[in-house]
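An overview of the molecular structure
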Amino acid sequence: MATAHRIAVLSGDGIGPEIVAQAVKVLQALRGQGFDFELREAPVGAGAYLLTGTPLPQSTVEMALASDAVLFGAVGDPRFDHLDASLRPERAILGLRRALGLFADLKQVSVPAELAELSPLRAERVAGVDVLVVRELNGDVYTGQPRGMRVAPDGPFAGEREGFDTMRYAEGEVRRIAHVAFKAARRRSAKLCNVDKANVLATSRVWREVVIDVARDYPDVELTHLYADSAAMQLISHPARFDVILAGNLFGDILSDAASVLTGSIGLPASALLGDAQRGMYEAGHGTALDITERDIANPLACIRAAALMLRHSLGRDDLAQRIEAAVTAVLRQGLRTADLAGGSRVVGTTAMGDAVVAALR
Ligand code: ATP
Ligand code: MG
């Protein structure tokens, strides 16, 4: 008898609920044959703020912590932009990451041949591209101390206001994300490209030394290194050369967005947020898309792919993840397109796309 996986469903705001509903439908279709789960929904984001006065209620955090995986929609609502930063809906993401100890963001970007025409790059250059960007999520210049604003004490602009941040990485912090990246490379084509700026940054020199050291545990993985500027160039000029990219918080932020653009639609890439625990959080790479909310036109495929990543990374069901991914490819092959993938033969809505993926699973 299969044990029921506990999945926390945090749909959030904007198109979150409608795309998550499609992903849940796909999971339901896989029920049976040794796979079962229990869904627990909890409020997050603007909806949670309206209900409870905070975008991330403690009860939601506790439910996430008591789950095997979290399926996350999107949060945000400009109506709350005037609130103190700690109360804004987007803050819930940071709170969840912290509470769940998530330090790795694995963004999967693939361009099936039938969608290559959508890419801003030439189709022959992107057809078949499949890149995984592993981004460290906690450290780097986004969180390093000290940071702030002050009056410049010296130099040619002394007396003017200046801003300053601190870029930092501790060895252990690099080691744990490096292990995540090498393990991911092992499951794929065993090619890992480390991205840093070791020619100019002390942070990057520590980063690179640790990555090289960790590589000893993975002799089967081919490790290469690129400086961030060169990596950005190659990602655009020769994306097919990449399998797994490992980068710190800042360079990973930039490269994962650049990689997403290769697909031609923000409605396709999905992310797995992971930590030391088996439990991860899974989400579409895009945001709330309030401009198209509740019109049944949003592309649910990124969120459906996020459900596949959840099966792979947290629920130990790589076989089912592959089935979902194959079903997504199949519906695209059939010519089904949501509006963002326009140009296709048949434009369908959010619900119909979800139904098509379910049908393709059978
Ligand atoms: P947020 O502030 O939450 O990031 P946003 O609107 O700034 O929201 P996205 O949600 O990432 O950013 O959307 C950017 C654009 O892409 C919007 O025009 C949106 O409608 C479109 N978009 C985003 N996700 C999808 C999707 N799944 N299907 C179709 N279009 C989408
Ligand atoms: Mg946005």
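Worth saying up front: this structure is predicted, and the values here are computed from it rather than measured.

Focus on the overall build of the protein chain
A tally of regular secondary structure across the protein chain gives 12 helices and 14 strands. For the protein chain, the C-alpha radius of gyration of 21 Å lies close to 21 Å, the compact-globule estimate for 362 residues. In terms of principal-axis extent, the alpha carbons of the protein chain reach across some 65 × 50 × 45 Å. Buried residues in the protein chain amount to 48% of all 362 residues.

Description of the UniProt feature "binding site: substrate" (unreviewed entry) in the protein chain
Under the local residue numbering, the UniProt record ascribes the feature "binding site: substrate" (unreviewed entry) to R97, R135 and D229. Spanning 133 residues, the named residues do not form one spatial group; their C-alpha atoms are separated by as much as 28.2 Å. With respect to the secondary-structure elements, R97 resides in helix α4 (residues 91-100). What makes R97 partly exposed here is the crowd of 17 C-beta atoms within 10 Å. With residues up to four places along the chain from it excluded, the contact list for R97 reads L102, L137 and L273.

Some remarks on the domain arrangement of the protein chain
In terms of domain boundaries, the protein chain breaks down into domain 1 (1-101 + 277-362) and domain 2 (105-275). Averaged C-alpha coordinates put domain 1 and domain 2 at centres separated by 24 Å. A per-element tally of the side of domain 1 that touches domain 2 places helix α10 (residues 301-313) first, with six residues.

Considerations on the pairing of strand β11 (residues 270-275)
For a regular strand, side-chain orientation follows a simple rule: the groups alternate between the two sheet faces. Where burial is concerned, most of β11 is hidden: five out of the six residues are buried. Where strand β4 (residues 102-110) and β11 come together, six bridges link them in antiparallel fashion. Opposite L106, over in β11, you have A272 as the bridge partner. The antiparallel pairing of β11 with strand β12 (residues 280-284) creates a hairpin that spans four residues between the two strands.

Here we look at the site of ligand 1
Near ligand 1, the surroundings consist of 16 residues, among which G267, H286, G287, A289 and N299 are the closest. The class makeup of the residues in the shell around ligand 1 is eight nonpolar, six polar and two charged.

Focus: helix α1 (residues 16-30)
Under the 1.5 Å per step criterion, the end-to-end length of α1 is 22 Å for 15 residues, consistent within 8% with the ideal 21 Å. Listed as buried for α1 are G16, E18, I19, V20, Q22, A23, V24, V26, L27 and L30. Where α1 terminates, the next one or two residues include G32, which has phi positive at roughly 95 degrees.

Topic: the sheet that holds strand β5 (residues 130-136)
Strand order in the open sheet made by the 10 strands is β2-β1-β3-β12-β11-β4-β5-β10-β8-β9, with mixed pairing throughout. At either margin of the open sheet sits one strand with a lone partner, and together these are β2 (36-41) and β9 (222-227). Mean inter-strand twist for the sheet, computed between neighbouring axes without regard to direction, equals 25 degrees. Of the pairings in the sheet, the one linking strand β1 (residues 4-12) to β2 comprises six bridges and is parallel in character.

What to know about the nonpolar core
The biggest cluster of nonpolar side chains holds 111 residues, and the ones touching the most others in it are L71, V134 and A307. Considering every element that reaches this core, the biggest residue donor is α10, with 10 residues. When residues are assigned to domains, this core turns out to be shared by domain 1 (1-101 + 277-362) and domain 2 (105-275), each giving three or more. L71 has contacts with I7, V9, V20, A23, Y282, A306, A307 and M310, leaving out every residue within four places of it along the chain.

Details of the UniProt feature "binding site: Mg(2+)" (unreviewed entry) in the protein chain
What UniProt calls "binding site: Mg(2+)" (unreviewed entry) maps, in this numbering, to D229, D253 and D257. Of the residues just listed, which span 29 residues, no C-alpha pair is farther apart than 14.5 Å, and they cluster in one region. Here D229 is to be found in helix α8 (residues 228-237). Relative to the elements of secondary structure, D257 occurs in helix α9 (residues 249-261). For D257, a count of 14 C-beta atoms within 10 Å gives the class partly exposed.

Looking at the environment of R205
Summarising the element assignment, R205 is placed in helix α7 (residues 202-215). The exposure class of R205 is partly exposed, given the 14 C-beta atoms found within 10 Å.

Overview of helix α11 (residues 318-333)
In a regular helix each residue adds 1.5 Å, so 16 residues correspond to 22 Å; α11 covers 22 Å between its end C-alpha atoms and thus fits that length. Turning to α11, its buried residues are L320, A321, I324, A327, V328, V331 and L332. Across the axial projection of α11, the buried residues extend over an arc of 135 degrees, all falling on one side. Residues D319 and A326 are exposed on α11 and point more than 90 degrees away from its buried face. Its buried side turned inward, α11 meets α1, α10, β13 (336-337) and α12 (350-361). Just past α11, the residue G335 takes up positive phi, approximately 95 degrees.

What counts and what doesn't
- Residues numbered from 1 in each chain as written.
- Chains lettered and ligands numbered in written order.
- Predicted model: local features only at pLDDT ≥ 70, side-chain atom pairs only at ≥ 80, totals over all residues.
- Helix = DSSP H or I, 4+ residues; strand = E, 2+ residues; numbered from the N terminus.
- Rg over C-alpha atoms; globule rule 2.2 N^0.38 Å.
- Buried ≥ 20, exposed ≤ 12 C-beta atoms within 10 Å, placed from the backbone.
- UniProt positions renumbered as here; feature names shortened; annotations may be inferred.
- Contact = placed C-beta atoms within 7 Å.
- Domains from an automatic or database assignment.
- Pairing = 2+ DSSP bridges.
- Near = placed C-beta within 6 Å.
- Nonpolar A, V, L, I, M, F, W, Y, C, P; charged D, E, K, R; others polar.
- Expected span 1.5 Å × (residues − 1).
- Axes fitted to C-alpha atoms, helices over the stretch in contact; angles between N-to-C directions.
- Core = buried A, V, L, I, M, F, W, Y, C linked by C-beta atoms within 7 Å.
- Arc of directions from axis to C-beta.

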